[in-house]
Amino acid sequence: MPQSSVRCLGSKFKPEDDHCCANPSSKMSMEGILSNLLRKKLLPKSYLLITTRPGAAERLQGYVKFPRFTEILGFSEKGRREYFFKFFKDEGKANTALRFIENTTAVSTICFIPMVCCIICSVIKVELETEDEIADTLDTTTKVFVQFSHSLLKHDSQKRKKSLLNEFRNLCSLARVGILEQKILFEEEDLKEHDLAASDLKDLFLDRRTFRRGIGCHSLYSFLHLCFQEFCAAMFYILPDEKTRAPDDNEMDLKKLLDVCEKPGNEHLTLTIRFLFGLSSEKVQAFLEEVFQCKISDLAKPLLLQRAEEAAAEDPPRKGYRLLNFFHCLFESQEAKFARHVMHRFQTIDISFKTLSVLDCRVLAFCLQHSTIQDHSIDLTFCRLKSHHMKALAPGIKNCAVLEFGSNRLGNSGVNVLCTILKELYCSVNTLNLGENYLTDACAQELCATLSNSKTLVSLNLNDNSFSEATVPFLVHLLKTCTSLSALFLDGNGFGDKGRKRLKQHVKKIELERPFWLWL
């Protein structure tokens, strides 16, 4: 479904006001057709397949009868390898590229997105044509897109140094108008309006589709991908335009964008804002100044920092995908001071019941790692976390006091990773929830030994796992040595009568010294 339709449904569409139509031959607006299809008034026995991003999917729930949601997570590790070998064809180059990806965590975590994977391969291919090694500069999506743009531009840059900046800014102006108007297909007139009709850049950055209209042909243009259009739209706000626009106009445009992006129904601006944060990075701006031989606008950074501080001060605080998107913005900037300015406001971080990718976890870790406080509470209940997610979270866990990891898929391997993190970073966790995580006796000794050394642990939740009587000695050792522990949740395991009896007996001894709660 076109993005413009999603916006219409999200902001303007009201079921009670819409004209009902059960006749497929009736003539009505696109919005009317879609709304009647969604409400099963039109073609009630049909199945409607809608592709959209998570933000729009949440808004659509109120309009759809009996919805079934499926999230497309992108390439698996195996699928990524297959793609690399198909892309490079040369086995040696494919293996070189894969080694770089596997050794560069930042790139590896964004390479599951097919479009980004394609761009990364394109950038690596260009680098391998001139160098034996690959530059380690691709640690955010923004940097990947910057490098890709540079690889397309640099072949022509020597011929047209003076016009390159203006033409590229015209392309970014087209992208910006499209994003603001939710438009992904452009007519020849649109290109003329932005002085791109005779530009070589349209052949580099735009796909052309030709359709028959009567006895003639009609051409429509689109960017290589919607993500790339969003990136170019963000570039518009940082590239200088000395001829036609005053700096005040650029500042007003950017302030307006930052204001409207937070309003309901404007989720289509999410990635453009994220790219803006990425383009505010000092390293990215220095690279762009070298490419275009100009001074990049310094208007964006203070406005973005101000917006970040305002978002952090919201009451009630953000949670779920809105909070996660904000963290993505901080991550894209790769500016530790952005995180330091605002993360103390997010003492409690709730992203529960949202499916998280490894990249999401890495983003969260970056923000926590650069926080000025060390007692964050993170709730990642039912986020489908596995052991590789835990590895991505590692740098941020040191600044957390409460870890709510219940109802995930960590398994024994995930808990072993967590134990390594807790030991290496000397964490001061006081609450740890590992309930319903497919844990067995195989991880019990390592877990209890790690937590036995804690001076801060107060509450431990191991409910609804698969521990048996074999785990009881390790739990007893934990109870003896971790004197700060005062609440232990063990319900829903298979300790048996003998195991439960032993645990209760030991807790009775502890209760003589301090209050203790055991759920068994």
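Look a little higher up for the structure.
### Let's talk about the overall build of the protein chain
Then comes step 1: In terms of regular secondary structure, the protein chain is built from 24 helices and nine strands.
Then comes step 2: Residues counted as buried form 51% of the 520 residues belonging to the protein chain.
Then comes step 3: Nonlocal contacts in the protein chain, meaning residues at least 24 apart in sequence, comprise 74% of its contacts between residues at least 6 apart.
Then comes step 4: Split by element, the accessible area of the protein chain, about 26200 Å² in all, is 51% carbon and sulfur.

### Digging into the pattern of salt bridges
Between side chains of opposite charge, a pair can form when the charged atoms approach closely.
Then comes step 1: A complete count under the given rule lists 15 salt bridges for this structure.
Then comes step 2: Lys255 is paired through a salt bridge with Glu251; the nearest N and O atoms lie 3.5 Å apart. With Lys255 and Glu251 both in helix H13 (residues 247-260) and four residues apart, the pair spans about one turn of that helix.
Then comes step 3: Overall, Glu251 belongs to the partly exposed group, its relative accessible area being 24%.
Then comes step 4: Between Glu310 and Arg307 there is a salt bridge, and its shortest N-O distance comes to 3.3 Å. On the criterion of helical spacing, the pair formed by Glu310 and Arg307 is a turn pair, its members being three residues apart in helix H16 (residues 300-312).
Then comes step 5: The exposure class of Glu310 is partly exposed, given its relative accessible area of 38%.
Then comes step 6: Members of the salt-bridge network, linked through shared partners, are Glu262, Glu314, Arg318 and Arg322.

### Quick word on the nonpolar core
Then comes step 1: In terms of nonpolar packing, the biggest core is built from 147 residues, with Phe292, Phe327 and Phe405 touching the most fellow members.
Then comes step 2: With sequence-adjacent residues up to four places away left out, Phe292 is seen in contact with Leu153, Leu164, Leu165, Phe168, Met235 and Leu239.

### Considering the pairing of strand E4 (residues 376-379)
Then comes step 1: As paired elements, strand E3 (residues 348-350) and E4 share three bridges and run parallel to each other. Bridge assignment links Ile349 to a residue of E4, and that residue is Ile378.
Then comes step 2: Taken together, E3, helix H19 (residues 358-369) and E4 constitute a β-α-β crossover, and its handedness is right-handed.
Then comes step 3: Tracing the backbone out of E4, into helix H20 (residues 387-397) and back to the parallel element strand E5 (residues 400-404) gives a crossover that is right-handed.

### Some remarks on the sheet that holds E3
Then comes step 1: The strand order E3-E4-E5-E6-E7-E8-E9 describes an open sheet built from seven strands, whose pairing is parallel. Two strands close off the open sheet at either side, each with one partner strand: E3 and strand E9 (517-519). The average undirected angle you get between the axes of adjacent strands in this sheet is 10 degrees.
Then comes step 2: Relative to E5, E4 is paired through four bridges, and the arrangement is parallel. What sits directly across from Ser377, in E5, is Val402.

### Some remarks on helix H21 (residues 411-424)
Then comes step 1: For H21, built from 14 residues, the straight-helix expectation of 20 Å at 1.5 Å per residue is met to within 8% by its first-to-last C-alpha distance of 20 Å.
Then comes step 2: Of the residues making up H21, those classed as buried are Gly411, Gly414, Val415, Val417, Leu418, Cys419, Ile421 and Leu422.
Then comes step 3: Where H21 is buried, its residues meet H20, E5, strand E6 (431-433) and helix H22 (444-452).
Then comes step 4: Of the residues one or two after H21, Tyr426 is the one with positive phi, at around 50 degrees.

### As for the pairing of E5
Looking along a regular strand, one sees the side chains alternate between the two faces of the sheet.
Then comes step 1: For E5, the tally of buried residues reaches four of five residues, placing the bulk of the element in the interior.
Then comes step 2: With three bridges joining them, E5 and E6 adopt parallel strand pairing. Within E6, the position partnered with Leu403 by the bridge is Leu432.
Then comes step 3: In this view, the connection linking E5 to its parallel neighbour E6 by way of H21 has right-handed handedness.

### So, the packing of H20 against H21
Then comes step 1: Packing of H20 against H21 brings their axes to within 9 Å, and their N-to-C directions diverge by 15 degrees. Compared by their axis directions, H20 and H21 come out roughly parallel. Where H20 crosses over H21, the handedness of that crossing is right-handed. Between H20 and H21, the contacting residues are Ser387, Met390, Lys391, Ala394 and Ile397 on the first element and Ser413, Gly414, Val417, Leu418, Ile421 and Leu422 on the second.
Then comes step 2: Broken down by class, the residue content of the contact of H20 with H21 amounts to seven nonpolar, three polar and one charged.

### Things to note about the packing of aromatic side chains
Then comes step 1: Counting across every chain of the model gives 22 aromatic pairs.
Then comes step 2: Seen from their ring centres, Phe326 and Phe346 are 5.6 Å apart, and the 45 degrees between their planes marks the pair as tilted. Of this pair, Phe326 sits in helix H17 (residues 320-333) while Phe346 sits in the loop between helix H18 (336-342) and E3, and the two are 20 residues apart along the sequence.
Then comes step 3: Aromatic ring contacts, followed pair by pair, group Phe145, Phe148, Phe168, Phe205, Phe228, Phe231, Phe275 and Phe292 into a single cluster.
Then comes step 4: The ring centre of Phe236 lies 4.2 Å from the NZ or CZ of Arg169, which sits over that ring.

### Some remarks on H16
Then comes step 1: Spanning 13 residues, H16 covers 18 Å between terminal C-alpha atoms, matching the ideal 18 Å at 1.5 Å per step.
Then comes step 2: Where H16 is concerned, the buried positions are Ala300, Lys301, Leu303, Leu304, Leu305, Arg307, Ala308, Ala311 and Ala312.

### Some remarks on a positive patch on the surface
Then comes step 1: A cluster of basic residues, Lys480, Lys498, Arg502 and Lys509, forms a positive patch on the protein surface.
Then comes step 2: If one sorts the elements of the positive patch by residue count, helix H24 (residues 496-511) sits on top with three residues.
Then comes step 3: Mapped onto the elements, Lys509 comes out in helix H24.

Rules behind the numbers
- Residues numbered from 1 in each chain as written.
- Predicted model: local features only at pLDDT ≥ 70, side-chain atom pairs only at ≥ 80, totals over all residues.
- Heavy atoms only, no water.
- Helix = DSSP H or I, 4+ residues; strand = E, 2+ residues; numbered from the N terminus.
- Buried < 20%, exposed > 50% of the residue type's maximum accessible area, 1.4 Å probe, protein only.
- Contact = heavy atoms within 4.5 Å.
- Areas by Shrake-Rupley, 256 points an atom, 1.4 Å probe, with all protein chains shown as cover.
- Salt bridge = Lys/Arg side-chain N within 4 Å of Asp/Glu carboxyl O.
- Core = buried A, V, L, I, M, F, W, Y, C linked by side-chain atoms within 4.5 Å.
- Pairing = 2+ DSSP bridges.
- Right-handed = clockwise from strand over helix to strand, strands pointing away.
- Axes fitted to C-alpha atoms, helices over the stretch in contact; angles between N-to-C directions.
- Expected span 1.5 Å × (residues − 1).
- Parallel < 35°, antiparallel > 145°, perpendicular 65-115°, else oblique.
- Left-handed = near helix turned anticlockwise from the far one by under 90°.
- Nonpolar A, V, L, I, M, F, W, Y, C, P; charged D, E, K, R; others polar.
- Phe/Tyr/Trp six-rings, centres within 6.5 Å; stacked < 30°, edge-to-face > 60°.
- Lys NZ or Arg CZ within 6 Å of the ring centre and 35° of its normal.
- Patch = residues over 30% accessible without salt bridge, like charges linked within 9 Å, V, L, I, M, F, W, Y side chains within 5 Å.
- Lys, Arg positive; Asp, Glu negative; His and termini not counted.
- Charge placed at Lys NZ, Arg CZ, Asp CG, Glu CD.

Geometric descriptors of this kind do not, in isolation, establish any biological role.
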